[in-house]
Amino acid sequence: MNRPDNLSTYDELDLKLGIKSSLPHVKSTLALSILLWECADRPAELIYSEQQADGIVMPEELSQWVIDHLSDICEEERIDFEALISGMNENQLYKSQMEALIVAFELVWKLAKVNFVEKGKPASAERKGGARYPKKLVYTSNADIIHAVIESNHDAYTRVLMSWIGFNIDTDPEYNTILIQLFSTLSENAVFKMTDGTRDIIFNQNSLYKKVLETRQPVDVNGDSEAKGSLRILKSLLSDGMNPYLGYSNNSVTAAERRTGDLEEYQQRVDMFLRLSATKVIGLEDMDAEAEGISPEQLENTRLTNGCNVLLYGVPGSGKSWTIEHEYCKAGSKVERLVFHPDYTYSDFIGQILPDVAEDGQVSYKFTAGPFTNILRDAYAEPGTEYILIIEEINRGNAPAIFGEVFQLLDRKVEIRGINDDGYPIGTSEYGITNENIAKVVYGDASHKVRIPSNLSIIGTMNTSDQNVFTLDTAFQRRWDMRLIENNFDNVDAAFADAEILDTTITWRNFCTAINNIVVGNSARMTSSEDKRLGAYFVHLRDLKKEPSFGDSLADGRYDDLRKKETTGTLTNAEQAQLAEIREAIKQYRKFPEKVIKYLWDDAFKFNREIVFESTEYQSLEQVIRVFMYAKGINRFKMFKENIISAFKNPEQ
């Protein structure tokens, strides 16, 4: 037997009560959305706009459908086709921000879902700046209810819609009233919020009906602070006369003249409709509902459980970042990478309250999420995707202070308990914390306990030579899986490890190994000696490459001769080109000494240079760099002692 599946359960709707986008002329906007749908032969989804400069306009194909559909009325009313399309392109459907359209279409009238044509673009993309992006409407069955009414007299209702859009056209007042009544009925589920002193009032139009009937006095719908979200749409629809039972003036609502008796009966019908709309399906909790919209419990059941905290540490250049890319980041993983530094703060990491300027110039303050909160939100919403937050140089910032109370979330659940298990998968934060700002962004509920989901890993890197910047205390470190990245050439690409350093015939592997043997062997004379070693990836392969065109320009004095001629202004064009070429090559030859030898002089052997350097002959870094640059071959290393140079040739000695 072919039978239906169990009903689907859907995610709860985010009422977006805090959005500040406004939608003036809401009647005109609704009218155009219905008229375009009718002209396009009532599709489930309508791409109604395309890009033009920083704005959007009606696509050519849809324009033609509109002209074909409305040609008879346009001819009767002498409306030019170009003026018809131009007038529609000026409608708020094309001019307003996405978020304002969402509130009106999805939350007030439930007429259609508004999406950007480009997948993945956030609803807030049009919040700042004047740019508008192509959008589409995915209609609901409320559009079919409107169509059923329109079909009873298609020409009369089409005229009404065109007049709402702004065209000067004859209409029948009776059909105008019917459409207004219809749209008002479809909006009765809408929820609004206003501020009353220190509290919020959440209400609907039924609340207004009851209050005006009860008190017979005007009802304030402005509140004590700036109107936001659907409240802005309510004020717009009342201004446009979209509720036949209510009058509106100066932010106050009254019963419409001559409609009080009708309102009493209508209010009772609305009240019963809302009661039936809130009906609970008895027994639904025992069903296997379809997973188009899934409950929080089902969400956790489908979540990956590979979340962990890992701290990779080792000497600079040992391959920590390489290890993350090759061992932790897999195909399909979504990665956010950031770097801690001494000025990095909790506000940078978690988020902070910042001023926000609305379209009308009003300034308010709201929480702006930081990278941690954003990736937490994304990971929570996509349980089947692995998310990784990489924090480079974690100890160069004050990590415990940057994490703040989020520090508590680093304790991860390691097993499913047989008794009193919390239902969260392994890898989730063991304990939840209270943070209203994070909870609003991640869960849409300020009272929800915040946890790191089990599909989000946090991976940090730490140079052991930088431990004196900020110390990671034991309480912080114990919440991480510590992993020392060994500093050797076992897994380093041979093409890199055995690359010769410029023209010296000494390979990077031999140089690095010899220096590190000396560092470790002289541990008694060096503080934290292991931390001063050269990492296998301390340099890049490009830093070792010699420049064929460079030749012996410095060693044979050609470069200095050309510089003297340049000073006196006697360079020929050919010599000028030659000098420019030599200078480019010098930049390449300076990379190794400026990066490696400078580190050995200024850091690794700062307090005992005599161990490796001919410190009696070379007493400044300037001299050391110069001798490297002006020599050639193995002589580039003559600032080192003879036994060190011998070790470069044979690092096993």
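Residues numbered from 1 in each chain as written. Predicted model: local features only at pLDDT ≥ 70, side-chain atom pairs only at ≥ 80, totals over all residues. Heavy atoms only, no water.

Student: Give me the packing of helix H20 (residues 508-521) against helix H25 (residues 642-649): which residues, what numbers.
Tutor: Packing of H20 against H25 brings their axes to within 7 Å, and their N-to-C directions diverge by 130°. On the basis of the axis angle, H20 is oblique to H25. For the pair H20 and H25, the crossing hand works out as right-handed. From H20, Asn510, Phe511, Ala514, Ile515 and Ile518 reach across to H25, where they touch Ile644, Ala647, Phe648 and Lys649. A per-class count over the contact of H20 with H25 returns seven nonpolar, one polar and one charged. (Axes fitted to C-alpha atoms, helices over the stretch in contact; angles between N-to-C directions. Helix = DSSP H or I, 4+ residues; strand = E, 2+ residues; numbered from the N terminus. Parallel < 35°, antiparallel > 145°, perpendicular 65-115°, else oblique. Left-handed = near helix turned anticlockwise from the far one by under 90°. Contact = heavy atoms within 4.5 Å. Nonpolar A, V, L, I, M, F, W, Y, C, P; charged D, E, K, R; others polar.)

Student: Can you tell me about the sheet that holds strand S11 (residues 309-314), naming the residues and giving the values?
Tutor: Overall, parallel pairing links the five strands, which are arranged S12-S15-S16-S11-S17 in an open sheet. Whereas interior strands pair on both sides, the edge strands pair on one side only; in this sheet they are strand S12 (334-339) and strand S17 (481-484). Direction aside, neighbouring strands of the sheet carry axes that sit 20° apart on average. Sitting on the sheet, helix H13 (residues 320-328) is in contact with S11, S12, strand S15 (387-392), strand S16 (456-463) and S17, with an inclination near 145° to S11. The sheet contacts of helix H15 (residues 371-381) involve S12, S15 and S16, and relative to S15 the element is tilted by about 165°. (Pairing = 2+ DSSP bridges.)

Student: So, the pairing of strand S5 (residues 135-139): which residues are in play, and what are the values?
Tutor: Counting buried positions along S5 yields four of five residues, so the element is predominantly enclosed. Bridge analysis of strand S4 (residues 112-116) against S5 gives five bridges, and the strand direction is antiparallel. The residue bridging Phe116 from the neighbouring strand is Lys135, located in S5. (Buried < 20%, exposed > 50% of the residue type's maximum accessible area, 1.4 Å probe, protein only.)

Student: Lay out the nonpolar core in plain terms, naming residues and giving numbers.
Tutor: By size, the foremost hydrophobic cluster in this structure holds 85 residues, and its most contacted members are Leu36, Val66, Leu84, Met88, Phe105, Trp109 and Met162. Each residue touching Trp109, except ones within four places of it in the same chain, is listed here: Val26, Leu30, Ala104, Asn142, Phe183, Leu186, Ser187, Ile233, Leu237 and Met242. Ala497, Ala499, Ala536 and Phe628 belong to the second-largest nonpolar core, a separate cluster that totals 51 residues. (Core = buried A, V, L, I, M, F, W, Y, C linked by side-chain atoms within 4.5 Å.)

Student: Now, about the environment of Ile47: what can you tell me, with residues and values included?
Tutor: Relative to the assigned elements, Ile47 resides in strand S1 (residues 45-47). When the C-alpha positions of Ile47 and Met58 are compared, they lie 9.0 Å apart, and in sequence the two are eleven residues distant. In this structure, Ile47 is in contact with Pro59, Leu62, Val117, Lys135 and Lys136, ignoring residues within four places of it in sequence.

Student: Quick rundown of unusual backbone geometry? Include the residues and the values.
Tutor: Backbone geometry places His25, a non-glycine residue, at a positive phi of 55°. Relative to the helices and strands, His25 resides in the segment before helix H1 (26-39). With a phi angle near 50°, Asn250 is a residue other than glycine that sits in the positive phi range. Mapped onto the elements, Asn250 comes out in the loop between strand S9 (246-249) and strand S10 (252-255).

Student: Go over the sheet that holds strand S8 (residues 219-220), please, and point to the residues and values.
Tutor: Read across the sheet, three strands follow the order S8-S10-S9 without closing on themselves; strand pairing throughout is antiparallel. This sheet does not close on itself; its edge strands, each paired only once, are S8 and S9. With respect to the sheet, helix H9 (residues 205-215) is in contact with S8, S9 and S10, its orientation differing from that of S10 by roughly 65°.

Student: How would you sum up the side chain of Ser33? Please name residues and give values.
Tutor: Here Ser33 lies in helix H1. A relative accessible area of 0% places Ser33 in the buried class. Among the polar contacts made by the side chain of Ser33, one reaches the main-chain carbonyl oxygen of Leu30 at a distance of 2.7 Å. (Polar contact = N/O pair within 3.5 Å; in protein donor to acceptor, adjacent residues only side chain to side chain.)

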